[in-house]
Amino acid sequence: MGLPDNFLDAVRKGIILNLPVVTGVVAYGFVSGVLSRQVEMTVWQVAALSGFMYSGTAQLLIAGLWTTDTGSVAALVSVLAISLRYLLIAATCAPLLKPFPISARYLMVSLVADENWGVAMAHRNKDTIGGALLLGGGLTLWVGWMISTLSGWYFGAIISDPTRYGLDFAFTAVFLSLVIIMAKDSKNRPLITISCAAIAALLADRFLGGSWPIISAGVAGAGAAALTYTDTEISP
């Protein structure tokens, strides 16, 4: 199984489509780098986490645990719990990756983040090779993430309070924009899906805490989307 003829065109399209969201990712990555510097991580540790872990929420969690007495096993379990949403994300990516050879699928799924996944899913009915959109977006976000986290580490000695500049809201702003994009392009009763996810997140935050609001929102949103799904969604 080879790559589709228009593969490179779709990768370029993925890069272009993700340029608006990468600005928020860069701001969020900068905050992550600043916080990493404040807990005395080395630049090489930040580079390794950003390059191989490639997860803002997990890296912020590690930064928060860095100077505590939390053991490595507890830290690993915490990162695993907060990353469980990628089980759902990866499952929804499976149809997008079918046209590609297995080696290309592993590369594409390794670069999946919340942002390029949201963009790819919003355009899944408009492009027959959504996996290439994932790849283009993933490469864009990865480069932006590496540059921003390392820049944040460098300037971390100067900036003591990232919230003073509103940088802490960057992550929230990115996800709000993705919700709006997907709701606008969806034919699947988006208000019901979003409402179910929001209610589940609020309840989980109230009674469970931790990373359960993220997991609960993902399960509830996916369930609501499945229950309200119609065959007309697959039509262009």
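A short tour of the structure in this document, coming up. (Residues numbered from 1 in each chain as written. Predicted model: local features only at pLDDT ≥ 70, side-chain atom pairs only at ≥ 80, totals over all residues. Heavy atoms only, no water.)

In terms of helices and strands, the protein chain carries eleven helices and zero strands. Going through the 236 residues of the protein chain one by one, you find that 42% of them count as buried. The long-range fraction of contacts in the protein chain, counting pairs at least 24 apart against all pairs at least 6 apart in sequence, stands at 81%. Carbon and sulfur atoms make up 70% of the accessible area of the protein chain, which amounts to about 12,900 Å² in all. (Helix = DSSP H or I, 4+ residues; strand = E, 2+ residues; numbered from the N terminus. Buried < 20%, exposed > 50% of the residue type's maximum accessible area, 1.4 Å probe, protein only. Contact = heavy atoms within 4.5 Å. Areas by Shrake-Rupley, 256 points an atom, 1.4 Å probe, with all protein chains shown as cover.)

If charged atoms from side chains of opposite charge come close, those side chains can pair. The final tally for this structure, using the stated rule, is one salt bridge. We note a salt bridge from Arg12 to Asp9, for which the minimum N-O separation is 2.3 Å. With Arg12 and Asp9 both in helix H1 (residues 7-38) and three residues apart, this pair spans about one turn of that helix. You can call Asp9 partly exposed: its relative accessible area is 48%. (Salt bridge = Lys/Arg side-chain N within 4 Å of Asp/Glu carboxyl O.)

In this section: the environment of Gly130. Residue placement: Gly130 occurs in helix H8 (residues 130-155). Relative accessible area serves as the criterion here: at 2%, Gly130 is assigned to the buried category. With 116 residues separating them along the chain, Gly130 and Gly14 place their C-alpha atoms 8.7 Å apart. Leave out the neighbours within four places in its chain, and Gly130 touches Leu96 and Ala120.

Turning our eyes to something else, we now look at the layout of surface pockets. Its volume calculated, the second largest pocket comes out at about 290 Å³. Surrounding the second largest pocket, 14 residues form its lining, Met53, Tyr86, Val109, Ser110 and Val112 being those nearest its centre. Elements with a minimum of two residues in the lining of the second largest pocket: helix H2 (43-53), helix H5 (85-97) and helix H6 (102-110). Of the residues contributing to the lining of the second largest pocket, the split by class is ten nonpolar, four polar and no charged. (1 Å grid on protein atoms, 1.4 Å probe; cavity = no way out; pocket = protein on both sides within 12 Å on 5 of 7 lines; lining within 4 Å. Points joined across faces, edges and corners; volume = space filled by probe spheres on them. Nonpolar A, V, L, I, M, F, W, Y, C, P; charged D, E, K, R; others polar.)

For Tyr86, the location among the structural elements is in helix H5. With 28 residues separating them in the primary sequence, Tyr86 and Asp114 have C-alpha atoms 8.5 Å apart. Residues within four places of Tyr86 in sequence aside, it is in contact with Val112, Ala113 and Asp114. Side-chain polar atoms of Tyr86 contact the side chain of Asp114, separated by 3.1 Å. (Polar contact = N/O pair within 3.5 Å; in protein donor to acceptor, adjacent residues only side chain to side chain.)

Take it as geometry only, folks, not as evidence of what the structure does.
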